[in-house]
Number of protein chains: 2
Amino acid sequence: MSAPTRKLKTEGDFRARLDAAAGDIDDLLDALLSEQRQSGEIQRPMRLLEAMRYATLGGGKRLRPFLVVESAALFGVARSRALLAGAALECVHCYSLVHDDLPAMDNDDLRRGQPSAHKAFDEATAILAGDALLTFAFDLMARDGVHSDPAVRLALVTGLARASGLGGMAGGQMLDLAAEGRFDKSRKQPGKLAESEIATLQAMKTGALIEFACRAGAILGEADAAARSALERYGRAVGHAFQIADDLLDLEGETAVMGKAAGKDSAAGKATLVATLGRDAAAARLTALIDEAEVALAPLSQDTSVLRAAARFVAGRRT
Amino acid sequence: MSAPTRKLKTEGDFRARLDAAAGDIDDLLDALLSEQRQSGEIQRPMRLLEAMRYATLGGGKRLRPFLVVESAALFGVARSRALLAGAALECVHCYSLVHDDLPAMDNDDLRRGQPSAHKAFDEATAILAGDALLTFAFDLMARDGVHSDPAVRLALVTGLARASGLGGMAGGQMLDLAAEGRFDKSRKQPGKLAESEIATLQAMKTGALIEFACRAGAILGEADAAARSALERYGRAVGHAFQIADDLLDLEGETAVMGKAAGKDSAAGKATLVATLGRDAAAARLTALIDEAEVALAPLSQDTSVLRAAARFVAGRRT
């Protein structure tokens, strides 16, 4: 199961690695969220389990687990351990998509080209499936299989909670909804936040979990402070790049490619750096962030070619 | 801060103890969810923090934290540690109330006599506040202040996740919604579940977290297997009694006393043992469950008078 980090020769090499991790995560989530696995352990309200499976097994690049796996690989962490921690992050990511798609939130009927969870099931089931996935993430992160040392698992539990809650993803979604002007009817120009406000919003909403994915690898590998800090800096740059690339894609993309309605975010008055800076300046910022990600990795003595390719891949989502 | 378990002389003694724990939990949650505390640590989307405070600081008997504190006190656990673990459980309980009240779920406009969170704020904010409270619960449970041994905190994280997720509270709410017949339009008589099905549903929806509150005290106290098992059995009986008492209250209570619309659950076709067994048989079951709770405690050598009074108090909610 171990796939040691090695020098990448081609872009195809990177894609193969990314796809392999995605396949492993798909299999792992499928097994973890199967009826068989849990029979005897707990009661199984089948409708809820089906909705949780629908929300997690519908594809996706599994970028966050990939970043956990590749960051952890720098420190020789067993792949199976990093995958289990990565599955926990992916459950948080998938719960956030289910809740963000709800009518009261972003009201998206499509997700990855398929009906979003509340369309495939119903709103109540989607709310509960999100809740149960978030809860399951902490169940997974606390398992023996993640690391033999309880203190390490506990550090991961804490990191996951902080990246996901009030000061992270949930808080960022709150700021994002506020930026639409929906809580302040007197606001004339929703979406017109200052650049620094948008950066904060996005760092919380999508950046925090991506940064934590990279930090989780360092925690799993019991890396020293310098290495942990390098991966945090790398993760912040990649998280930021991810969001700008996503916003550019929303502006330029085709619905068929994206699996959701193109232009929807800008139409909704979502606060984006692309809207504030303009397309060209945003693209330049993206290039600078890839450089920043590479610079962040420089202090590490390990071969970081996979992580460098990951930063380029994330930024390249706009093409 | 320590309040050692002692023989109770009167019912008033018990209420004073219950109220003292509730006051401590109110103060603790207020401090944990204050802006000051978190400034410098994290960004603070104020609207979300306000909604989290609204959902947690609006009163309530704090039964779950009380059970943690009193179970833990049997083993000499410091009160401050049990309170912090209890606050984590209370965050889970409060999140579940916010989400259950949503229009797509039970559609309740009132909670403890006040507008429920989605009425006081809005649906999106209520969904996010629930999400952030659930996340915060795991943040709290993982903190040093809960126990010095990471393995103990990890056992509590796991227990909390299992009590709250697919196999516990969230799963029970799913079964409860299904029992209304809302996912099966051909179903003629919603609410007409078999007695064992209702027992399972209620054991998951409300029983699991109450049982875990009692078990958490034993985990914190590093109790031996026999003591842990005694508290689990006690917790199961109390959780079951709680639900029957609640259903009797729904049938008999006045809206002003309950802080929510009386008769609403039965009108909604909620599956209850009271509806299935009838009022008298349900009341008899309640009495049997108090006995069961007392019998469960018998193997313990400690003074369990507070826990015995707690069982009677829970059952007495119908009067």
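Residues numbered from 1 in each chain as written. Chains lettered and ligands numbered in written order. Predicted model: local features only at pLDDT ≥ 70, side-chain atom pairs only at ≥ 80, totals over all residues.

Caption draft 1: Fine view of the overall build of chain A. When its secondary structure is counted, chain A shows 16 helices and two strands. Residues counted as buried form 55% of the 319 residues belonging to chain A. A sequence separation of at least 24 residues applies to 73% of the contacts in chain A between residues at least 6 apart. (Helix = DSSP H or I, 4+ residues; strand = E, 2+ residues; numbered from the N terminus. Buried ≥ 20, exposed ≤ 12 C-beta atoms within 10 Å, placed from the backbone. Contact = placed C-beta atoms within 7 Å.)

Caption draft 2: Layout of the interface of chain A and chain B. Chain A puts 46 residues into the contact, and the matching count from chain B is 46 residues. Listed by contribution, the elements that provide at least two residues to the side of chain A that touches chain B are α3 (46-56), α7 (123-141), α8 (150-164), α9 (169-179) and α10 (195-220) of chain A. It is α7 of chain A that provides the largest number of residues to the side of chain A that touches chain B, a total of 11 residues.

Caption draft 3: Main features of the relation of the copies chain A and chain B. Each copy superposes on the other: chain A lies on chain B with an RMSD of 0.0 Å after a rotation of 180° and an axial shift of 0.0 Å. The superposition of one copy onto the other is thereby described by a two-fold rotation axis. For chain A, the minimum C-alpha distance to the rotation axis belongs to Pro150 of chain A and amounts to 2.8 Å. Interface overlap between copies is the fraction of interface residues in one copy that are interface residues in the other; for chain A against chain B it reaches 100%, indicating a shared surface. (Least-squares fit on C-alpha atoms with pLDDT ≥ 70 in both.)

Caption draft 4: Local environment of the environment of Val274 of chain A. For Val274 of chain A, the location among the structural elements is in helix α14 (residues 273-277). Setting aside its immediate chain neighbours within four residues, Val274 of chain A contacts Ile244, Asp247, Leu248, Leu251, Arg279 and Ala282 of chain A.

Caption draft 5: Local environment of the nonpolar core. Ala241 of chain A together with Ala241 of chain B are the most contacted members of the largest nonpolar core, which has 226 residues in total. If we skip the residues at most four places from it in the chain, Ala241 of chain A touches Leu286, Leu289, Ile290, Ala293, Ala311, Val314 and Ala315 of chain A. (Core = buried A, V, L, I, M, F, W, Y, C linked by C-beta atoms within 7 Å.)

Caption draft 6: Structural detail: the packing of helix α5 (residues 79-101) of chain A against α10 of chain A. Residues and elements named next belong to chain A. At their nearest, the axes of α5 and α10 sit 11 Å apart, and the two run at 160° to each other. Judged by the angle between their axes, α5 and α10 are roughly antiparallel. For the pair α5 and α10, the crossing hand works out as right-handed. Across from Arg81, Ala82, Ala85, Leu89, Val92 and His93 in α5, the residues of α10 making contact are Leu209, Ala213, Ala216, Gly217 and Leu220. Classifying every residue of the contact of α5 with α10 gives eight nonpolar, two polar and one charged. (Axes fitted to C-alpha atoms, helices over the stretch in contact; angles between N-to-C directions. Parallel < 35°, antiparallel > 145°, perpendicular 65-115°, else oblique. Left-handed = near helix turned anticlockwise from the far one by under 90°. Nonpolar A, V, L, I, M, F, W, Y, C, P; charged D, E, K, R; others polar.)

Caption draft 7: Seen up close, helix α15 (residues 279-297) of chain B. Residues and elements named next belong to chain B. Here α15 spans 28 Å end to end across 19 residues, near enough to the 27 Å set by a 1.5 Å rise per residue. The set of residues buried in α15 consists of Ala282, Leu286, Leu289, Ala293, Ala296 and Leu297. An end-on view of α15 places all buried positions within 90° of arc, on one side of the element. Facing away from the buried surface of α15 by more than 90 degrees, the exposed residues are Asp280, Ala281, Ala284, Thr287 and Asp291. Close packing links the buried residues of α15 with α11 (225-252), α14 (273-277) and α16 (305-315). (Expected span 1.5 Å × (residues − 1). Arc of directions from axis to C-beta.)

Caption draft 8: Fine view of unusual backbone geometry. Although it is not a glycine, Arg112 of chain A adopts a positive phi angle of roughly 55°. Counting through the fold element by element, Arg112 of chain A comes out in the loop between β1 (110-111) and β2 (114-115). For Arg62 of chain B, which is not glycine, the phi dihedral falls at a positive 60°. One can find Arg62 of chain B in the loop between α3 (46-56) and α4 (63-73). In this structure Arg62 of chain B comes out as buried when scored by C-beta crowding, with 25 C-beta atoms within 10 Å.

Caption draft 9: Region of the structure containing the packing of α3 of chain B against helix α7 (residues 123-141) of chain B. Residues and elements named next belong to chain B. Across the interface, α3 lies against α7 with an axial gap of 9 Å and an inter-helix angle of 75°. Considered as vectors, α3 and α7 are oriented roughly perpendicular to each other. Residues Arg47, Leu48, Ala51, Met52, Ala55 and Thr56 of α3 form the contact with α7, whose participating residues are Thr125, Ala126, Leu128, Ala129, Ala132 and Leu133. Its residues placed into classes, the contact of α3 with α7 shows nine nonpolar, two polar and one charged.

Caption draft 10: Seen up close, helix α9 (residues 169-179) of chain B. Burial of α9 of chain B is extensive: 11 of the 11 residues sit out of reach of the surface. The set of residues buried in α9 of chain B consists of Met169, Ala170, Gly171, Gly172, Gln173, Met174, Leu175, Asp176, Leu177, Ala178 and Ala179 of chain B. Buried residues along α9 of chain B sit against α3 and α7 of chain A together with α5 (79-101), α8 (150-164) and α10 (195-220) of chain B. Among the residues trailing α9 of chain B, Gly181 of chain B stands out with phi positive, at a value near 85°.

Caption draft 11: Highlighting the confidence of the model for chain A. Residue and element names in this part refer to chain A. When the pLDDT values of chain A are averaged, the result is 89; 86% of them are 70 or greater. Within the model, pLDDT remains below 50 along residues 1-5, and this stretch shows 11 contacts once partners closer than five positions in the same chain are excluded. Here the complex is predicted with pTM 0.93, and the ipTM for its interfaces comes to 0.93. (pLDDT = per-residue confidence, 0-100.)

Caption draft 12: Highlighting the environment of Gly58 of chain B. Residue and element names in this part refer to chain B. As for its position among the elements, Gly58 is in the loop between α3 and α4. It is 9.7 Å that separates the C-alpha atoms of Gly58 and Gly113, two residues lying 55 residues apart in sequence. For Gly58, the residues in contact, after removing those within four places along its chain, are Arg112 and Gln114.

Caption draft 13: The arrangement of the environment of Leu57 of chain A in detail. Residue and element names in this part refer to chain A. Looking at the element boundaries, Leu57 is found in the loop between α3 and α4 (63-73). Sequence separation between Leu57 and Gly181 is 124 residues, and the spatial gap between their C-alpha atoms is 34 Å. If we ignore the near neighbours within four places in the chain, the residues touching Leu57 are Asp26, Leu29 and Asp30.

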